[in-house]
Amino acid sequence: DLNSFVTRTNTCGELRSSHVGQEVTLYGWVQYQRQGLFLVLRDFQGLTQIVIPQDEAHSHVKKLLSNAPVESVVRVTGIVSPRPPGQENPKMPTGDIEVKAETAEILNSCKKLPFEIKDFIKKSEALRMQYRYLDLRSFQLQHNLRLRSQTVMRMREYLCNLHGFVDVETPTLFKRTPGGAKEFLVPSREAGKFYSLPQSPQQFKQLLMIGGLDRYFQVARCYRDEGSRPDRQPEFTQIDIEMSFVDQAGIQRLIEGLLQYSWPKEKGFITTPFPSMTYEEALAQYGTDKPDTRFEMKIVDISDLLRSSDIQFVQNALSYLRGTVKSICIPQGVRYLKNKDLESLKESAKSHFNQEIVEVICKPDGSVKSLLTKFLGEKQQSELVRALNMQVDDVVLLAAGEHKQVCSALGSLRLESADLLEAAGLLLRDPTTFHFLWVVDFPLFLPKEENPTELESAHHPFTAPHPSDTSLLYSDPTKVRSQHYDLVLNGNEVGGGSIRIHSAEQQRFVLEKVLKEDSEVLSHLLEALEFGAPPHGGIALGLDRLISLIVDAPSIRDVIAFPKSFRGRDLMSNAPDYVTPEELEPYHIQVSWPLAEKEAKKS
């Protein structure tokens, strides 16, 4: 009941022909007013047309409503009436009726607005964030936040009511965790000692399993000290889950059921089980560990086809270990892409991946046009066309080199090509379809970028090795696969989890011998693992990202009530802000003010 506990009788979105003749009291914002004859009142649920009385007896009501500025808050009491014939508005749910105002009150007048509260009016994002409380009045943000709320409620029902999960709040003030993203530090009153804001409740949820809770769930606030991107914020929300006595398949079935149960009905039905592919398959076919499977353009290995050719750069590539020749086929590339587009694709591969690209075009007669044709006989050319399933006007981008580099470059070009094709009018990725995918069998460790002779966790140091690879952990850790799994939706990672290490001995070995980390930082967890830790595993779903994909928002900032900017700033309150030396004194901190002032000038 949307009208319980409040002084209105109805919302602005619920009145219909069945209410004709009733006296109603509405509260809302003035959407617009026309020539002193009527105004449209808006609240969270919709719009209602209010007829402004023209008779002398209601002259004070007419004056009040005719002069009310747009976005003023108004109370109106009146009689629901049918609209005159021919004046109905089928685009409005309340379009068959109007309310003839009897009494009215301006509860709060609105001053001149910095922008119009209409979804179709273009506003800069900085202005929207500066006046976020005004932006929140838009139908789109109202819809996004309400859908988010409903989805979370359904998730709670599924987990807690149907499957016995326990909702547990874990601490926000914690200590530094080795590896992973940078963490925010919070000073304490003990000199030199700091709390950390957790990037996830990872350790706590494992400790809850050791504590025997069996099934844990939390809508968890998480923090990372890194710059904002369209899909990242310094503070964000996860649907955090952990279970005891579970395997990878069990977690996957749980999440598939959870999403199916909580999925908004208006977005259609999602089918389960979700398809699955290994990390190696994803890299080889799509050039990324988060493939967008809504469209084809898969990477094709043509090494064997060109192995006997006289093309020097191909032979050079194939002479190396893990050397390969691969390609992607851009459908109708000749028709939809300009020469400058193809040049920008080649330049992108060169600048981001140091990868040279050669193009091959399929001509109307079925032959190919390329720098390579003089090195290929007619038979090899026709085999190339057949292997890549080339049609007239298709463009193939070919790359030769080390396997991972070539795949990554072509994977990036695949997405850039899709952007260019769609900008030119060819729809490849339907935003109303949702393609879920599990990616499994990730490597457990990766070489550090700054020092490739050292290893770091591919995800985090608590991930268990693949059962088939446990012995390799002690002999050749670079070859160990993990029991980590990612959930991908339309080319975006929306969840990630793993089966955890539950042996203190194995966890200590990973930290000290493989990662060369100081295990003392995790002494509390290592000790806990020695007191009968059950096998356990879990997952975290990125709620902000998931909801933004469901509503097709360009950024997760459009599904968060009060987001931060790209630089991690709150433009509305101007946080972060300076504090006085007196306020810092209890924390034993002094600021180098000249440096701080320089940074302030920069920003």
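Residues numbered from 1 in each chain as written. Predicted model: local features only at pLDDT ≥ 70, side-chain atom pairs only at ≥ 80, totals over all residues. Heavy atoms only, no water.

**Quick word on the overall build of the protein chain**
The criterion, for reference: Comment: elements are numbered from the N terminus, with helices defined as DSSP H or I runs of at least four residues and strands as E runs of at least two. The cut-offs for exposure are 20% and 50% of the maximum accessible area for each residue type, with area from a 1.4 Å probe on protein chains only; residues under the lower value are buried, those over the upper are exposed, and the others partly exposed. Here, residues are in contact when the closest pair of their heavy atoms is within 4.5 Å. Computed with a 1.4 Å probe, the accessible areas rest on the Shrake-Rupley method; for each residue, only the protein chains presented here act as cover.
In terms of helices and strands, the protein chain carries 19 helices and 22 strands. Seen through its C-alpha atoms, the protein chain measures out along the principal axes to roughly 95 × 75 × 60 Å. In the protein chain, buried positions account for 47% of the 603 residues. Considering only contacts in the protein chain between residues 6 or more positions apart, those separated by 24 or more positions represent 67%. Approximately 30,600 Å² of the protein chain is accessible, and the part contributed by carbon and sulfur atoms is 52%.

**A look at the domain arrangement of the protein chain**
How we decide: Delimitation of the domains relies on an automatic or database domain assignment.
Per the domain assignment, the segments of the protein chain are domain 1 (17-108), domain 2 (142-277 + 435-558) and domain 3 (295-424). The gap between the C-alpha centroids of domain 2 and domain 3 is 37 Å.

**As for the sheet that holds strand S4 (residues 73-82)**
How we decide: Here a strand pair is declared whenever DSSP counts at least two bridges between the two strands. To get an axis, fit a line to the C-alpha atoms, keeping to the stretch in contact for a helix; angles then go from 0 to 180 degrees between the N-to-C directions.
Strand order in the closed barrel formed by 5 strands is S1-S2-S3-S5-S4, with mixed pairing between adjacent strands. Looking at each pair of strands side by side, their axes are set apart by 55 degrees on average, direction ignored. The strands that helix H1 (residues 59-66) touches are strand S1 (23-34), strand S2 (38-42), strand S3 (47-51), S4 and strand S5 (97-108); relative to S5, the one it contacts most, it runs at about 75 degrees.

**Remarks on the packing of helix H4 (residues 139-163) against helix H17 (residues 543-550)**
To be explicit about the condition: Roughly parallel here means an angle under 35 degrees, roughly antiparallel means over 145, roughly perpendicular means 65 to 115, and every remaining angle is called oblique. Whether a crossing is left-handed or right-handed is set by the direction in which the near helix is turned from the far one by less than a right angle, anticlockwise for left-handed and clockwise for right-handed. Residues are sorted three ways: Asp, Glu, Lys and Arg are charged, Ala, Val, Leu, Ile, Met, Phe, Trp, Tyr, Cys and Pro are nonpolar, and all the rest, Gly among them, are polar.
Where H4 meets H17, the closest approach of the two axes is 10 Å, and the angle between their N-to-C directions is 120 degrees. The angle between H4 and H17 places the two elements in the oblique class. Crossing of H4 over H17 shows right-handed handedness. Listed contacts from H17 to Asn 144, Leu 147, Arg 148, Thr 151, Val 152 and Met 155 of H4 are Leu 543, Asp 544, Leu 546, Ile 547 and Ile 550. Looking at the contact of H4 with H17, its residues break down into 7 nonpolar, 2 polar and 2 charged.

**Thoughts on the pattern of salt bridges**
A side chain of one charge can pair with a side chain of the opposite charge if their charged atoms are brought near each other. Short version of the rule: The salt bridge criterion pairs a side-chain nitrogen of Lys or Arg with a carboxyl oxygen of Asp or Glu, the two atoms within 4 Å.
Across all of its chains, the model carries 32 salt bridges by this definition. The salt bridge involving Asp 419 is made with Arg 429; its shortest N-O contact spans 2.6 Å. Placement of the pair is Asp 419 in helix H13 (residues 403-423) and Arg 429 in the loop between H13 and strand S17 (436-440), with a sequence separation of 10 residues. Its relative accessible area of 13% is what places Arg 429 among the buried residues. If you follow the salt bridges from partner to partner, you end up with Arg 128, Arg 132, Asp 135 and Asp 558 in one network.

**Digging into unusual backbone geometry**
Excluding glycine, a negative phi dihedral is what most residues carry, and trans is how most peptide bonds are arranged. Along the chain, Thr 272 connects to Pro 273 via a cis peptide bond; the corresponding omega equals 0 degrees. Along the polypeptide, Pro 273 turns up in the loop between helix H6 (248-262) and strand S11 (276-278). Residue Pro 576 is reached from Ala 575 by a cis peptide bond, and omega for that bond is 0 degrees. Here Pro 576 lies in the loop between H17 and helix H18 (581-584). Look at Asp 441: it is not a glycine, yet its phi comes out positive at around 60 degrees.

**Observations concerning the pairing of strand S16 (residues 395-402)**
The buried fraction of S16 is high, at 7 of 8 residues. Bridge count for strand S13 (residues 323-330) against S16 is 8 bridges, and the pairing is antiparallel. Bridging from a neighbouring strand, Ile 330 pairs with Val 395 of S16. By the bridge criterion, 4 bridges tie strand S14 (residues 358-362) to S16 in an arrangement that is antiparallel. Bridging across to S16, Val 358 finds its partner in Leu 398.

**Focus on the nonpolar core**
Going by this rule: Only buried Ala, Val, Leu, Ile, Met, Phe, Trp, Tyr and Cys residues count toward a nonpolar core, and they belong to the same one when joined by side-chain atoms within 4.5 Å.
Within the largest apolar cluster, 50 residues are counted, with the highest numbers of intra-cluster contacts made by Ile 241, Ile 255, Leu 259, Phe 436 and Leu 487. Beyond its immediate chain neighbours, meaning those up to four positions away, Ile 255 contacts Ile 241, Trp 438, Leu 487, Ile 539 and Leu 541.

**With respect to the side chain of Gln 252**
Assignment of secondary structure puts Gln 252 in helix H6. Residue classification places Gln 252 among the buried residues on the basis of a relative accessible area of 13%. Once residues within four sequence positions are removed from consideration, Gln 252 is found in contact with Trp 438, Val 440 and Tyr 485.

**Description of the environment of Val 168**
Checked against the element boundaries, Val 168 lands in the loop between strand S6 (166-167) and strand S7 (185-187). By relative accessible area, which is 17% here, Val 168 ends up buried. With 36 residues separating them in the primary sequence, Val 168 and Phe 204 have C-alpha atoms 9.9 Å apart. Each residue touching Val 168, except ones within four places of it in the same chain, is listed here: Leu 208, Leu 213, Tyr 216, Phe 217 and Gln 218.

**Remarks on empty space enclosed by the protein**
As a reminder of what qualifies: Think of a 1 Å grid over just the protein atoms. A cavity is a set of points where a 1.4 Å probe fits yet cannot get out, a pocket is an open set with protein on both sides within 12 Å along at least five of seven lines, and lining residues have an atom within 4 Å of a point. Grid points are joined across faces, edges and corners, and a volume is the space filled by probe spheres set on the points.
Overall, the coordinates contain 1 cavity of 30 Å³ or more when judged by the stated rule. For the largest cavity, the calculated volume is near 40 Å³. For the largest cavity, the full set of lining residues is Met 129, Arg 132, Phe 562, Pro 563, Asp 570, Leu 571 and Met 572. Broken down by class, the residue content of the lining of the largest cavity amounts to 5 nonpolar, no polar and 2 charged.

**Focus: helix H15 (residues 504-514)**
Of the positions making up H15, those classed as buried are Ala 504, Gln 506, Gln 507, Val 510, Leu 511 and Val 514. Against strand S18 (445-447), strand S19 (455-457), helix H14 (472-475) and helix H16 (523-529) lie the buried residues of H15. One or two positions beyond H15, positive phi appears at Lys 516, with a value near 55 degrees.

**What about the sheet that holds strand S12 (residues 300-301)?**
Two pairing modes exist for strands in a sheet, parallel and antiparallel, and in both the strands are linked by backbone hydrogen bonds. With respect to topology, 5 strands assemble into an open sheet ordered S12-S13-S16-S14-S15, the strand pairing being antiparallel. A strand with exactly one partner marks an edge of an open sheet, and here the two such strands are S12 and strand S15 (368-370). In this fold helix H11 (residues 339-353) packs onto S13, S14 and S16, with an angle of close to 145 degrees to the strand it touches most, S14.

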